[in-house]
Amino acid sequence: MMKRENFGSQFGAIMAMTGSAVGLGNLWRFPYMVGVYGGAAFVLVYIVVVFLLCLPILNAEMIVGRRSQTNAFGAFKVLAPGTGWKWVGVLMIFTPLVVLSYYSVIGGWSLEYLYKAVSLDFTASAHTRAELDSIFSGFISSVWAPIIGHTVFLGVTALIVVLGVKQGIEKFGKLMMPLLFLLVILIAVRSATLPGAGEGFAYLFKPDFSKITPAVCAAALGQGFFSLSVGFGIMLTYSSYMSRKDSIGRSSLLIAVSDTMFALIASCAIMPAVFAFGLSPEAGPSLLFEVLPFIFSQMPLGGVVSIVFFVALLVAALTSSVSILEVGVAYLVEEKHISRKRAALVIFLGTWLLGILCSLSFGPLSGVKIFGDILFDFLDMFTSNFLMTLGALLIVIFVGWKMGRPDVRDEFTNGGTLSGSGRVFGPMFFVIRYLAPVAILVIMVSNIFA
Ligand code: PFF
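These numbers come from a predicted model, not from an experiment. (Residues numbered from 1 in each chain as written. Predicted model: local features only at pLDDT ≥ 70, side-chain atom pairs only at ≥ 80, totals over all residues. Heavy atoms only, no water.)

In this structure, what is going on with the overall build of the protein chain? I would like to understand it.
Scanning the protein chain for helices and strands turns up 18 helices and zero strands. The C-alpha atoms of the protein chain give 21 Å as radius of gyration, which agrees with the globular expectation for 450 residues (22 Å, within 12%). Reported as C-alpha extents along the three principal axes, the dimensions of the protein chain are approximately 65 × 50 × 45 Å. Surface summary for the protein chain: the accessible area is close to 17100 Å², and the carbon and sulfur share equals 70%. Across the protein chain, the mean location of the 28 positive side-chain charges is 12 Å away from that of the 22 negative side-chain charges. (Helix = DSSP H or I, 4+ residues; strand = E, 2+ residues; numbered from the N terminus. Rg over C-alpha atoms; globule rule 2.2 N^0.38 Å. Areas by Shrake-Rupley, 256 points an atom, 1.4 Å probe, with all protein chains shown as cover. Lys, Arg positive; Asp, Glu negative; His and termini not counted. Charge placed at Lys NZ, Arg CZ, Asp CG, Glu CD.)

What's the story with the environment of K402 in this structure? I'm lost.
The topology assignment puts K402 in helix α16 (residues 375-402). Expressed as a C-alpha distance, the spacing of K402 and P214, which sit 188 residues apart in the sequence, is 30 Å. When near neighbours in sequence (up to four residues on either side) are disregarded, K402 contacts A80, T83, W85 and I397. (Contact = heavy atoms within 4.5 Å.)

Help me understand the pattern of salt bridges, please; the structure alone is not making it clear to me.
It is possible for side chains of opposite charge to pair when their charged atoms get near one another. Across all of its chains, the model carries eleven salt bridges by this definition. In this structure, the salt-bridge partner of D133 is R129, at a minimum N-O distance of 3.2 Å. Residue D133 and its partner R129 are located together in helix α6 (residues 129-140), separated by four residues, close to a single helical turn. The class for R129 is partly exposed, based on a relative accessible area of 25%. For R129, the salt bridge identified is with E290, shortest N-O distance 3.8 Å. With R129 in helix α6 and E290 in helix α13 (residues 287-298), this pair connects stretches of sequence that are 161 residues apart. What you see here is one network of salt bridges that share partners, running through R66, R67, R244, D407, D410 and E411. (Salt bridge = Lys/Arg side-chain N within 4 Å of Asp/Glu carboxyl O. Buried < 20%, exposed > 50% of the residue type's maximum accessible area, 1.4 Å probe, protein only.)

Quick question: what am I supposed to make of the packing of helix α4 (residues 72-79) against helix α14 (residues 302-335) here?
Relative placement of two packed helices is described by the angle separating their axes and the distance separating the axes. With their axes 7 Å apart at the nearest point, α4 and α14 run at an angle of 55° to one another. Of the possible angle classes, the one that applies to α4 and α14 is oblique. Of α14, the residues touching α4 (which contributes A72, F73, G74 and K77) are V327, Y331 and E335. The residue inventory of the contact of α4 with α14, partitioned by class, reads four nonpolar, one polar and two charged. (Axes fitted to C-alpha atoms, helices over the stretch in contact; angles between N-to-C directions. Parallel < 35°, antiparallel > 145°, perpendicular 65-115°, else oblique. Nonpolar A, V, L, I, M, F, W, Y, C, P; charged D, E, K, R; others polar.)

Honestly, the site of the ligand in this entry has me stumped. Any pointers?
In the region of the ligand, 15 residues are neighbours, and G25, Y103, F226, S229 and F232 sit closest. Contact between the ligand and A21: an oxygen atom at 3.0 Å from a main-chain N or O atom of the residue. When residues in the shell around the ligand are grouped by element, the largest group, three residues, is from helix α2 (residues 24-36). Residues of the shell around the ligand, tallied by class, amount to eight nonpolar, seven polar and no charged. (Near = heavy atom within 4 Å. Polar contact = N/O pair within 3.5 Å; in protein donor to acceptor, adjacent residues only side chain to side chain.)

I keep staring at unusual backbone geometry and nothing clicks. Help me out?
If a residue is not glycine, its phi is most likely negative; likewise, a peptide bond is most likely trans. A positive phi angle, close to 55°, is found at S229, a residue other than glycine. The phi angle at L301 is positive, at roughly 65°, despite the residue not being glycine. Relative to the elements of secondary structure, L301 occurs in the loop between α13 and α14.

What am I meant to see in the side chain of T95 here?
Position of T95 among the secondary structure elements: in helix α5 (residues 86-118). Apart from residues no more than four positions distant in its own chain, T95 is found in contact with F232, T383 and L387.

In this structure, what is going on with the nonpolar core? I would like to understand it.
Here is a general trend for soluble globular proteins: nonpolar side chains tend to be buried in one another's company. Among the nonpolar cores identified, the biggest contains 165 residues, and F76, W109, F289 and F310 are the most heavily contacted of them. With 20 residues, α14 is the single largest residue contributor to this core. Excluding anything up to four places from it in sequence, F76 contacts V64, P81, W85, K86, V88, G89, M92, L236, I395 and F398. (Core = buried A, V, L, I, M, F, W, Y, C linked by side-chain atoms within 4.5 Å.)

Any chance you could explain helix α7 (residues 144-162) here in plain terms?
The α-helix advances 3.6 residues per turn, and as a result positions three or four apart in sequence lie on the same side. If you check α7, its first and last C-alpha atoms are 27 Å apart, about what 19 residues at 1.5 Å a residue would give, namely 27 Å. Of the residues making up α7, those classed as buried are P146, I147, G149, H150, F153, L154, T157, A158, I160 and V161. For α7, the arc enclosing every buried residue in end-on projection is 160°, short of the 170-degree limit, so these residues lie on one face. More than 90 degrees from the buried face of α7, the exposed residues found are W144, I148 and L159. Contacts made by the buried residues of α7 are with α5, α6, α8 (165-192), α14 and α15 (340-360). (Expected span 1.5 Å × (residues − 1). Arc of directions from axis to C-beta.)

What should I look at first to understand the packing of aromatic side chains in this one?
The geometry of an aromatic ring pair is captured by the separation of the ring centres together with the interplanar angle, meaning the angle of the planes. Scanning the model with the defined rule gives 37 aromatic pairs in all. Both rings, one in W28 and one in Y32, keep their centres 5.5 Å apart while their planes meet at 65°; by these two values the pair is edge-to-face. Highlighted residues: W28 and Y32, both in helix α2, separated by four residues, approximately one helical turn. What makes W28 buried here is its relative accessible area of 8%. (Phe/Tyr/Trp six-rings, centres within 6.5 Å; stacked < 30°, edge-to-face > 60°.)

What should I look at first to understand the environment of V152 in this one?
One can find V152 in helix α7. As for V152 and G107, which are separated by 45 residues in sequence, their C-alpha atoms are 9.2 Å apart.

What is the right way to look at a nonpolar patch on the surface in this model?
Together, L44, V48, L52, F209, I212, W401, F430, Y434 and L435 line one region of the surface with nonpolar side chains, adding up to about 860 Å² of accessible area. Counting only elements with at least two residues in the nonpolar patch, the list comes to α3 (40-68) and α18 (419-449). For V48, the location among the structural elements is in helix α3. (Patch = residues over 30% accessible without salt bridge, like charges linked within 9 Å, V, L, I, M, F, W, Y side chains within 5 Å.)

Can you walk me through the side chain of T260 in this structure?
Structurally, T260 is set in helix α12 (residues 248-276). At a separation of 2.7 Å, a polar atom in the side chain of T260 contacts the main-chain carbonyl oxygen of A256. Discounting chain neighbours no more than four positions away, the residues touching T260 are Y46, I47, V50 and F51.

The structure is reproduced here in structure tokens:
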């Protein structure tokens, strides 16, 4: 049998997994969700939900990956041979590929905005909000420019994956994640020193408890899954490359802490500036592409800051898209025995075509509606609200009810050798077995009727 490649070190594994977690979900989705769902109240609920629920679910996914030492499809065949659980594996391969097709379209937008920032488009002359709004909507509804961005973004993603686990994914993550952290801090410092920034900080950190509603909790859980990349088979695949000596508990805690810190720092980079310029934080998904360029065009040093910001956004998006592509590649290489290069090409082509349709759904195909939504919105909604929560639900049921407590404990504590992991195992297993399935079901039902 072919020898499996593994991550070279625990640090490399953690950086690659943090690279998967930290992405557009932190820099683009989290800040706009904070704006839409009432500021600090959402931030508070989000932090509780991430550490109480998402972290144990992340552990569950990592336990399946490292125990089975194989891809998301094979894992269920290894751990529950001859059962219907392998269909969960099919879901775990399918969901990320759909996500990648539209994620790459937003990656392409980031590329275009980096190009605009480098050409000093935002800062050479003053722009009104209305002008920037029409630049953005004109761009995403055009045919060629967004498709070119999507193609380049997906192509670079595929190239990194072809280089392999150690030489491609791990090296890229180790280099890029610390750089990304520095870049985001730099922008947050610039933003915090703007006159009037204090109001933005109060908005982020002084909760109005009356704003905590069931909808806020559901949104926070959905965001937690998206942001930590759980429920997609991604963390499962990456942890199958982890050494048996590494601690799953410690690694997952570090991933969750860094991912949350990135989301908070990104919000500290965006919200204070939004308030300093008297804008509304409730712009929704366009916050990043319409509101931020306006801020850049108004602030001293805005040209430099905009370049730094879009470089950071692109790096974050790439380390995540690499992880999404790897799920499918690992499956094709290990189950269908084709080469890494060919596997990456097959997945590139499939997601590229679907991505083109997603991109065109903002323009020429905007009349084609699926359940009332354009293709892009439908895929985003269907994967994050339904497929991802279903994936997470099946994972916790598998680990909590099917694998058996002794096996789960054995994997989590490295055969009983990690005493710290041994101490937290009881409460963590309780969450996986009882609390998480109930919470996920409630969210799924509330999403269906929302
Ligand atoms: N977790 C990443 C983010 O926050 O952007 C991206 C992500 C990866 C989302 C994988 C979804 C996914 F399937």
